[in-house]
Amino acid sequence: MSSMTDIIFLLLIFFMITSTMVAPNAIKVLLPQSKKQTTVKAVSHVVIDKDLNLYVGIGNGKETPTTLEALPRTISKAMNDSTEMFVSLYADESVPYRNIVEVLNVANENHFKMVLATRPPEKK
């Protein structure tokens, strides 16, 4: 009886961990690799695709096209008076660094905490 409870408990933990690692974005971007992924729960996410198009999504909602100027207003809708608001940035690995810095500057100016999304390294 105890082993059955242990198995159910382990399965529960497994599904909880893997569900937080699933990327919410439907727009296909090839994220850069990193050995450590973030465990922060973001309220919204910004996506920069390989063609430098900018999208924003709130929660697990669908991403909508946006501009750099409209980004603070769109993200503020997701804030709901939260002081600990994290925004995930999903940038394709081919996006030039200056475009990523532009989004980071907007986040900094508006006191958003930005988290860079990465993918785990490939197994060799």
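Model, not experiment: these values are computed from the prediction.

**Examining the pairing of strand β4 (residues 86-91)**
Of all six residues in β4, six are buried, a share of seventy percent or more. Because side chains alternate across β4, one face comprises the buried residues Phe86, Ser88 and Tyr90, and the other comprises Val87, Leu89 and Ala91, equally buried. Here strand β1 (residues 44-48) pairs with β4 via five bridges, running parallel. The partner of Val47 across the bridge, within β4, is Tyr90. Where β4 and strand β5 (residues 113-116) come together, four bridges link them in parallel fashion. Pairing of Ser88 across the sheet is with Val115, part of β5. Following the backbone out of β4, through helix α3 (residues 97-109) and into the adjacent parallel β5, one traces a crossover that is right-handed.

**Here we look at α3**
Helix length check: α3 (13 residues) gives 18 Å between terminal C-alpha atoms against 18 Å at 1.5 Å per residue, within 8%. Every buried residue of α3 is listed here: Asn99, Ile100, Val103, Val106 and Ala107. Down the axis of α3, the smallest arc covering the buried residues is 120°, so these residues share one side. Among the exposed residues of α3, those pointing more than 90 degrees away from its buried face are Tyr97, Arg98, Asn108 and Glu109. Against the buried residues of α3 lie β1, β2 (54-58), α2 (71-76), β4 and β5. A positive phi of about 60° marks His111, the residue just after α3.

**Section: the packing of aromatic side chains**
This model, assessed by the stated rule, comprises zero aromatic pairs. Its end group placed over the ring of Phe86, Lys113 keeps NZ or CZ at 5.9 Å from the ring centre.

**Details of unusual backbone geometry**
Phi at Leu52 is positive, roughly 65°, even though this residue is not glycine. With respect to the helices and strands, Leu52 occurs in the loop between β1 and β2. With a relative accessible area of 40%, Leu52 lands in the partly exposed category. Of note, the phi angle at His111 is positive, near 60°, even though the residue is not glycine. Here His111 falls in the exposed class, since its relative accessible area comes to 68%.

**Topic: a nonpolar patch on the surface**
Together, Met4, Ile7, Ile8, Leu11, Phe14 and Phe15 line one region of the surface with nonpolar side chains, adding up to about 630 Å² of accessible area. By the element assignment, Phe14 lies in helix α1 (residues 2-21).

**Quick notes on the nonpolar core**
Taken as a class, soluble globular proteins show a tendency for nonpolar side chains to be buried jointly. Core analysis: the biggest nonpolar cluster contains 17 residues, and Val46, Ile48, Leu71, Ile75, Val87, Leu89 and Val103 have the highest contact counts within it. Only β1, β2, α2, β4 and α3 provide two or more residues apiece to this core. Examining the composition of this core, we find that four residues originate from one element, α3, more than from any other. Ignoring anything within four residues of it in the chain, the contact list for Val103 reads Val46, Ile48, Leu54, Leu68, Leu71, Leu89 and Met114.

Rules and cut-offs
Residues numbered from 1 in each chain as written. Predicted model: local features only at pLDDT ≥ 70, side-chain atom pairs only at ≥ 80, totals over all residues. Heavy atoms only, no water. Buried < 20%, exposed > 50% of the residue type's maximum accessible area, 1.4 Å probe, protein only. Helix = DSSP H or I, 4+ residues; strand = E, 2+ residues; numbered from the N terminus. Pairing = 2+ DSSP bridges. Right-handed = clockwise from strand over helix to strand, strands pointing away. Expected span 1.5 Å × (residues − 1). Arc of directions from axis to C-beta. Contact = heavy atoms within 4.5 Å. Phe/Tyr/Trp six-rings, centres within 6.5 Å; stacked < 30°, edge-to-face > 60°. Lys NZ or Arg CZ within 6 Å of the ring centre and 35° of its normal. Patch = residues over 30% accessible without salt bridge, like charges linked within 9 Å, V, L, I, M, F, W, Y side chains within 5 Å. Areas by Shrake-Rupley, 256 points an atom, 1.4 Å probe, with all protein chains shown as cover. Salt bridge = Lys/Arg side-chain N within 4 Å of Asp/Glu carboxyl O. Core = buried A, V, L, I, M, F, W, Y, C linked by side-chain atoms within 4.5 Å.

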